[in-house]
Amino acid sequence: MSPPSVLIAGAGPTGLAAALLLSVRGIRVRIVDERSEPAPHSRALAVNPRTLELLEATGVSERMVAEGRRARGVIFHEGGKPLARIEAERIHPRYGLTVLSQVRSEALLTDALAERGIAVERGRKAKLLAQDPDAARVCLDDDGVGVGSFDVVFAADGAHSAFRDALDIEFPGEAYPETWPLFDLPMDTPLDVDHAHVMLFPDGMIFLLAFDPTHWRIISNLPDPLSRLPPGTAVGEPTWTSSFRVAHRVAERCAVGRVALGGDAAHIHSPVGARGLNLGVEDASAFAMYLAAQADDPIGALARYQRERHPVHEAVVRRIRMVTSLARGGNAALRGLRRAILPTAAHLPVLRRFALRTVMGLDHPPPH
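Residues numbered from 1 in each chain as written. Predicted model: local features only at pLDDT ≥ 70, side-chain atom pairs only at ≥ 80, totals over all residues. Heavy atoms only, no water.

Things to note about the overall build of the protein chain
Scanning the protein chain for helices and strands turns up 9 helices and 21 strands. Against the globule reference of 21 Å for 368 residues, the protein chain gives a C-alpha radius of gyration of 21 Å, in line with a compact fold. For the protein chain, the spread of C-alpha atoms along the principal axes amounts to about 65 × 40 × 35 Å. Looking at the protein chain as a whole, 53% of its 368 residues qualify as buried. (Helix = DSSP H or I, 4+ residues; strand = E, 2+ residues; numbered from the N terminus. Rg over C-alpha atoms; globule rule 2.2 N^0.38 Å. Buried < 20%, exposed > 50% of the residue type's maximum accessible area, 1.4 Å probe, protein only.)

Structure follows, in structure tokens:
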């Protein structure tokens, strides 16, 4: 029997990883993206050990580690003083938390695909027309001329997924009211460049991560975070600024019939915990694994994907929402709770391990 025909909609990290992991298993795919060029800026900056594990057989993990830099842990600050330190070393036998821009992660995945003879078809906006017992029919051009039939579709088309909408899948959850500013900029600071930093204030938080020794990513829920950086810090002209709203949502289903959702199409959450890109790559790995194992029964493979991935999505988003709510502060009870919990978590092995495993993507078993 010939391998199933697969369309991947979306060439972000989730879609690229799915295409590569299917190709490694002998299943050739088409991958399309409506953008004419890759995104020029990086939302994600960290590749966790789980992602490196899952991509190891493709050769991409070795390239990511070689090009990225190791984050040694996270330091929490409050009132201008260190509150707690959590070291991330030795949590995984081979890999640590690797700081690497999403732009470069996507480029390395794209290069690995090209080496296998697969190119992203850009400028094609995929739209689900119908699915029946034999195939999913997808329009691949705005004029409706390019229609393809596929055994399976993996929709990695983002938080505003057209495939999720076409399947009438609800995307419940809630959003925080404030806007979160983001800055990438050169910065001279007394902060340790080998650790991420979380500065806690009565009215919010600032997250800082160096993506090279002189350039930092700053994310905050405060309106003017650059005015509240540590004494002795000097910032240069930003290379990129943006802002976003934080929401925590999980699609009510991540697979229907011959169509599966992955990455932001299936779940969104705050950047606290560095799980966005990484949870999407895990979706890609599970999808590729299940489809290869049941190549003669693609609907059964996607039913397994729904059965096994949906509880993971709910659990991870629930944990990230809890951690983000704690970091945001916002009321005296939460501020008191984080002041009590963080120093304890840093010194109590069971709490420290919980925090580290959440950030490292090791808080549940890998797809199997």
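Section: the nonpolar core
If you look at the biggest cluster of nonpolar residues, it comprises 66 residues, and the most contacted ones within it are V6, I8, L22, V138, F163, F287 and Y305. A per-element tally of this core places helix α6 (residues 276-293) first, with 8 residues. Dropping the residues within four chain positions of it, F163 is found in contact with A9, A126, K127, L128, V138, V153, A155, D157, V259 and L261. Listed in part, the 26 residues of the second largest apolar core include A84, L97, L200 and L362. (Core = buried A, V, L, I, M, F, W, Y, C linked by side-chain atoms within 4.5 Å. Contact = heavy atoms within 4.5 Å.)

A look at the sheet that holds strand β10 (residues 136-139)
Spatial strand order, β9-β10-β11: 3 strands in an open sheet with antiparallel pairing. Looking at strand neighbours, the two that pair on one side only are β9 (127-131) and β11 (147-150), the edges of this open sheet. Each neighbouring strand pair of the sheet contributes to a mean axis angle of 25 degrees, computed without reference to strand direction. Two strands pair when backbone bridges link them, and β9 and β10 are joined in this way by 4 bridges, in the antiparallel orientation. Bridging across to β10, A130 finds its partner in R137. (Pairing = 2+ DSSP bridges. Axes fitted to C-alpha atoms, helices over the stretch in contact; angles between N-to-C directions.)

So, the environment of R228
With respect to the secondary-structure elements, R228 resides in the loop between β16 (215-220) and β17 (234-235). Overall, R228 belongs to the partly exposed group, its relative accessible area being 27%. For the pair R228 and F201, spaced 27 residues apart in sequence, the C-alpha to C-alpha distance is 9.5 Å. When residues no more than four places from it in sequence are discounted, the contact partners of R228 are M199, F201, D203, I206 and L222.

A few points about the pattern of salt bridges
One pass over the structure, following the stated rule, counts 20 salt bridges. The partner of D194 in a salt bridge is R69, and the shortest N-O contact between them spans 3.2 Å. A residue pair is termed long-range when its members are at least 10 positions apart, and D194 in the loop between β13 (173-188) and β14 (195-201) and R69 in strand β4 (residues 69-71) qualify at 125 residues. For R69, a relative accessible area of 17% corresponds to the buried category. A cluster of three or more residues bridged by salt bridges with shared partners is formed by R50, E53, E282, D283 and R309. (Salt bridge = Lys/Arg side-chain N within 4 Å of Asp/Glu carboxyl O.)

Observations regarding the pairing of strand β18 (residues 240-250)
Relative to β18, β13 is paired through 9 bridges, and the arrangement is antiparallel. Residue pairing in the sheet places E174 in a bridge with H248 of β18. Of the strand pairs in this sheet, β18 and strand β21 (residues 267-268) are connected by 2 bridges, and their pairing is antiparallel. Counted as the bridge partner of V250 is H267 from β21.

Here we look at a negative patch on the surface
Taken together, the side chains of D165, D168, E170 and E252 make up a negatively charged region of the molecular surface. Take D168: it is sitting in the loop between α5 (162-166) and β13. By relative accessible area, which is 67% here, D168 ends up exposed. (Patch = residues over 30% accessible without salt bridge, like charges linked within 9 Å, V, L, I, M, F, W, Y side chains within 5 Å. Areas by Shrake-Rupley, 256 points an atom, 1.4 Å probe, with all protein chains shown as cover. Lys, Arg positive; Asp, Glu negative; His and termini not counted. Charge placed at Lys NZ, Arg CZ, Asp CG, Glu CD.)

A look at the packing of α6 against helix α7 (residues 298-328)
The relative placement of two packed helices is expressed as an angle between their axes plus a distance between the axes. Where α6 contacts α7, the two axes come as close as 9 Å, and the packing angle between them is 155 degrees. Compared by their axis directions, α6 and α7 come out roughly antiparallel. For the element pair α6 and α7, the recorded crossing hand is right-handed. Contact residues: L279, E282, D283, A286, F287, Y290, L291 and A293 in α6; P298, A301, L302, R304, Y305, E308, R309, V312, H313 and V316 in α7. Tallied by class, residues from the contact of α6 with α7 come to 12 nonpolar, 1 polar and 5 charged. (Parallel < 35°, antiparallel > 145°, perpendicular 65-115°, else oblique. Left-handed = near helix turned anticlockwise from the far one by under 90°. Nonpolar A, V, L, I, M, F, W, Y, C, P; charged D, E, K, R; others polar.)

Comments concerning empty space enclosed by the protein
With the rule as written, the count across this model stands at 1 cavity of 30 Å³ or more. Here the largest cavity is characterised by a volume of approximately 30 Å³. What lines the largest cavity is P13, V47, T51, L55, M64, S105, L109, L277 and V281. (1 Å grid on protein atoms, 1.4 Å probe; cavity = no way out; pocket = protein on both sides within 12 Å on 5 of 7 lines; lining within 4 Å. Points joined across faces, edges and corners; volume = space filled by probe spheres on them.)

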